[in-house]
Amino acid sequence: MNIDVILGLQWGDEGKGKIVDYLADKYDIVARFQGGPNAGHTLVFDGKKYVLHTIPSGVFRPHLINLIGNGVVIDPITFEKELKGLDAADVKYLDRLYISQKAHLILPTHRLLDAANEKAKGKSKIGSTLRGIGPTYMDRTGRNGLRVGDINKIDFKERYERLKQKHLSILSSLPQVDFDLEEEETKWFASMESLRKIPQVNSEYYVNRCLKYGKRILAEGAQGSMLDVDFGTYPFVTSSNTVTAGVCVGLGVSPDKIGEVIGITKAYCTRVGSGPFPSELFDETGERLRKEGHEFGATTGRPRRCGWIDLPQLKYTIMLNGVTQLVLTKIDVLNIFKELKVGVKYIIDGKETEEVPYEIPENIKLVYEEHKGWVQSLAEAVSFEDLPLEAKNYVAALEEQLGVPITMVSTGPDRKELLLRKAH
Ligand code: GDP
Ligand code: IMO
Ligand code: MG
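Just so we're clear, the structure is a prediction, and the values are computed from it rather than from any experiment.

Asks: Explain the overall build of the protein to me, and be specific about the residues and the numbers.
Replies: When helices and strands are tallied, the protein shows eleven helices and 20 strands. Taking 22 Å as the expected radius of gyration for a compact globule of 424 residues, we find that the protein reaches 21 Å, a close match to that expectation. Over its C-alpha atoms, taken along the principal directions, the protein stretches across nearly 65 × 50 × 40 Å. Per-residue burial for the protein yields a buried fraction of 57% across its 424 residues. Contacts in the protein between residues at least 24 apart in sequence constitute 77% of all its contacts with a sequence separation of at least 6. For the protein, the accessible surface area stands at approximately 18,700 Å², while carbon and sulfur atoms represent 51% of it. Between the mean site of the 56 positive side-chain charges and the mean site of the 58 negative ones, the protein shows a separation of 3 Å.

As structure tokens, then:
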């Protein structure tokens with residue numbers, strides 16, 4: 001068997017959680033392969049809303065195994081909160097949630113470092129979620145990190161202290177930030193109890209064995225390709241590889257095991273945090289997109305920056321990921337517009353290009369193609385064919401220009417608000 005992948009093609013928050021939750025039913029295992037509690041994946045079904053940060057979005061499907069892979073970074077405090085949320089929702093997870101022994105731990109001082117680093121950057125801050133992601137991945141690469149497999153070792157506390165001291169010495173040269181380290185440490189060690197209850201696995205063997213025995217695995221991406229540490233809008237990116245290649249190193253599968261790559265894009269575009277965003281709208285239209293799309297971060301509550309869909313950007317991330325199918329989400333948010341715009345080319349220093357440049361300059365402009373809006377609710381549509389002609393045309397135009405079939409169109413946050421579409 002091959003492993004299928006779902007990932008975001010923009011700057012995150014494309015609706016990955018919803019689509020993973022929907023598709024999970026067809027799989028035996030859902031596995032996260034990168035990122036950590038900087039992610040906020042929202043699921044809506046049976047009139048309730050859930051937000052997951054570290055736990056894979058397959059957890060609400062009974063009998064499905066959920067795996068947190070080696071490429072993920074875990075904060076035991078957030079993790080415990082998520083488990084409590086599942087307990088409250090009466091979701092049984094104990095025999096079907098596994099963690100890789102090789103996943104790295106986010107320490108309280110990683111979060112403190114994140115905040116101090118951002119403060120030191122001043123105006124050029126990244127706009128991090130302050131979940132300690134960057135400093136934890138730095139310690140992983142620097143070969144200093146603590147891993148989940150270390151938590152039961154007798155010298156775990158000493159190793160923790162050593163790493164903490166290292167952090168404290170770095171912190172002495174950074175600006176002070178409000179952070180009660182003692183209190184956070186107490187919480188951190190207390191939450192370790194919950195982490196210990198979750199079975200740890202040698203996940204690369206586990207995943208490959210499952211594939212060999214015909215189990216269907218879905219890899220769930222976090223963030224989006226434009227936040228990839230190598231290919232995103234560096235340095236305004238996250239600290240992991242969010243592209244398909246990240247699945248291989250974040251789960252321990254070889255490239256030939258990658259099957260379908262399902263790329264998710266909103267019918268428009270958003271970004272949260274700092275950094276370039278060519279199609280960003282600073283006018284009333286941007287405001288209307290934010291309001292209509294409830295564009296406020298699922299992790300930090302920050303307002304998301306909004307703009308029209310940007311095809312050169314999407315072509316770039318489709319190329320990087322080897323996308324085989326596209327899912328278009330939040331098309332209903334466009335219901336209010338008489339006229340829709342689609343960015344088809346960049347103009348940089350007076351020259352037209354379809355390439356995302358090394359650094360996106362501030363003066364970048366987009367050439368837009370205009371499309372007629374449908375200006376009506378899509379709530380009644382139960383199949384793609386039920387959509388108004390203008391909506392069908394919009395989807396067909398995107399599909400034609402992107403060159404990849406759009407197999408699903410999402411018309412609302414609920415699990416059921418999804419229109420399946422045959423590949424053309
Ligand atoms: P993720 O990080 O990619 O999982 O996305 P988020 O959960 O951060 O953000 C997506 C938001 O859009 C969530 O509030 C979802 O409930 C919501 N959402 C997902 N699909 C749709 C859709 O088709 N229409 C609308 N209106 N909302 C959607
Ligand atoms: P999901 O999985 C949107 C952004 C932050 C910041 C930058 C670096 O919900 O799509 P970090 O905390 O990683 O150091 O922040 O990346 N960011 C996200 N934006 N969705 C996410 O995840 C994000 N995770 C990180 O806003 O600009
Ligand atoms: Mg999100």
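Once the structure has been displayed, the description carries forward.
Asks: Any chance you could break down the pattern of salt bridges for me, citing the residues and the numbers?
Replies: Tallied over the full model, the rule gives 25 salt bridges. Across the pair Glu-280 and Arg-305 runs a salt bridge, and its minimum N-O distance is 2.8 Å. Here Glu-280, found in the loop between β12 (269-271) and α9 (284-292), pairs with Arg-305, found in strand β13 (residues 305-307); they are 25 residues apart in sequence, far enough to count as distant. For the pair shown, Glu-280 and Arg-305 are each scored as buried. A salt bridge links Glu-385 to Lys-392; its shortest N-O distance comes to 3.6 Å. Salt bridges sharing partners connect three or more residues here, namely Asp-13, Lys-266, Glu-295, Arg-304 and Lys-330.

Asks: Account for the nonpolar core, naming residues and giving values.
Replies: In this structure, Ile-3, Leu-67, Val-247, Ile-331, Leu-334, Tyr-394 and Leu-398 are the most contacted members of the largest nonpolar core, which totals 57 residues. Here this core gets five residues from one element, more than from any other, and that element is helix α11 (residues 389-402). In this view, Ile-331 contacts Ala-267, Trp-374, Leu-378, Tyr-394, Val-395, Val-409, Ser-410 and Thr-411; residues no more than four positions away in its chain are not counted. Core analysis: the next-biggest nonpolar cluster, separate from the first, contains 31 residues, Leu-43, Phe-45, Val-148 and Ile-151 among them.

Asks: Talk me through unusual backbone geometry; I want residue IDs and the actual numbers.
Replies: In this structure, the amide linkage connecting Tyr-234 to the following residue, Pro-235, adopts the cis form with an omega of 5 degrees. Position of Pro-235 relative to the elements: it lies in the loop between β10 (217-220) and α8 (245-251). Backbone geometry at Asp-90 places phi at a positive 60 degrees, although glycine is not the residue there. Within the secondary structure layout, Asp-90 lies in the loop between α2 (76-88) and β7 (97-100). Asp-90 gets classed as exposed once you look at its relative accessible area, which sits at 57%.

Asks: Go over the sheet that holds strand β20 (residues 418-420) with me, naming the residues and quoting the values.
Replies: In spatial order, the strands read β9-β7-β5-β2-β10-β1-β11-β15-β19-β20; together these ten strands make up an open sheet with mixed pairing. Single-partner strands in this sheet number two, and they are β9 (200-201) and β20. Across two bridges, β7 lies against β9 in parallel orientation. Bridge assignment links Ile-99 to a residue of β9, and that residue is Gln-200. Set on the sheet, helix α1 (residues 16-24) makes contact with β1 (3-8), β2 (29-32), β10, β11 (258-266), β15 (325-329), β19 (406-410) and β20; between it and β1 the angle comes to about 155 degrees.

Asks: How would you summarise the packing of aromatic side chains if you had to cite specific residues and measurements?
Replies: Two descriptors summarise a pair of aromatic rings, namely the distance from one centre to the other and the angle between the planes of the rings. Tallied over the entire structure, the rule returns eleven aromatic pairs. With a centroid separation of 5.5 Å and an interplanar angle of 90 degrees, the aromatic rings of Tyr-98 and Tyr-206 are classed as edge-to-face. One end of the pair, Tyr-98, is in strand β7; the other, Tyr-206, is in helix α7 (residues 203-212), with 108 residues separating them in the sequence. The exposure classification of Tyr-98 matches that of Tyr-206, with both residues buried. One aromatic cluster is present, formed by Phe-156, Tyr-160, Trp-188 and Phe-189 through successive ring pairs.

Asks: For the packing of helix α10 (residues 311-321) against α11, give the residues involved together with the corresponding values.
Replies: Following both chains from N to C, one finds α10 and α11 inclined at 55 degrees, their axes separated by 10 Å at the closest point. One element, α10, and the other, α11, form an angle in the oblique class. Along this stretch, α10 crosses α11, giving a crossing that reads as right-handed. Facing Leu-311, Leu-314, Lys-315 and Ile-318 of α10, the residues of α11 in contact are Leu-398, Gln-401 and Leu-402.

Conventions and cut-offs
- Residues numbered from 1 in each chain as written.
- Chains lettered and ligands numbered in written order.
- Predicted model: local features only at pLDDT ≥ 70, side-chain atom pairs only at ≥ 80, totals over all residues.
- Heavy atoms only, no water.
- Helix = DSSP H or I, 4+ residues; strand = E, 2+ residues; numbered from the N terminus.
- Rg over C-alpha atoms; globule rule 2.2 N^0.38 Å.
- Buried < 20%, exposed > 50% of the residue type's maximum accessible area, 1.4 Å probe, protein only.
- Contact = heavy atoms within 4.5 Å.
- Areas by Shrake-Rupley, 256 points an atom, 1.4 Å probe, with all protein chains shown as cover.
- Lys, Arg positive; Asp, Glu negative; His and termini not counted.
- Charge placed at Lys NZ, Arg CZ, Asp CG, Glu CD.
- Salt bridge = Lys/Arg side-chain N within 4 Å of Asp/Glu carboxyl O.
- Core = buried A, V, L, I, M, F, W, Y, C linked by side-chain atoms within 4.5 Å.
- Pairing = 2+ DSSP bridges.
- Axes fitted to C-alpha atoms, helices over the stretch in contact; angles between N-to-C directions.
- Phe/Tyr/Trp six-rings, centres within 6.5 Å; stacked < 30°, edge-to-face > 60°.
- Parallel < 35°, antiparallel > 145°, perpendicular 65-115°, else oblique.
- Left-handed = near helix turned anticlockwise from the far one by under 90°.

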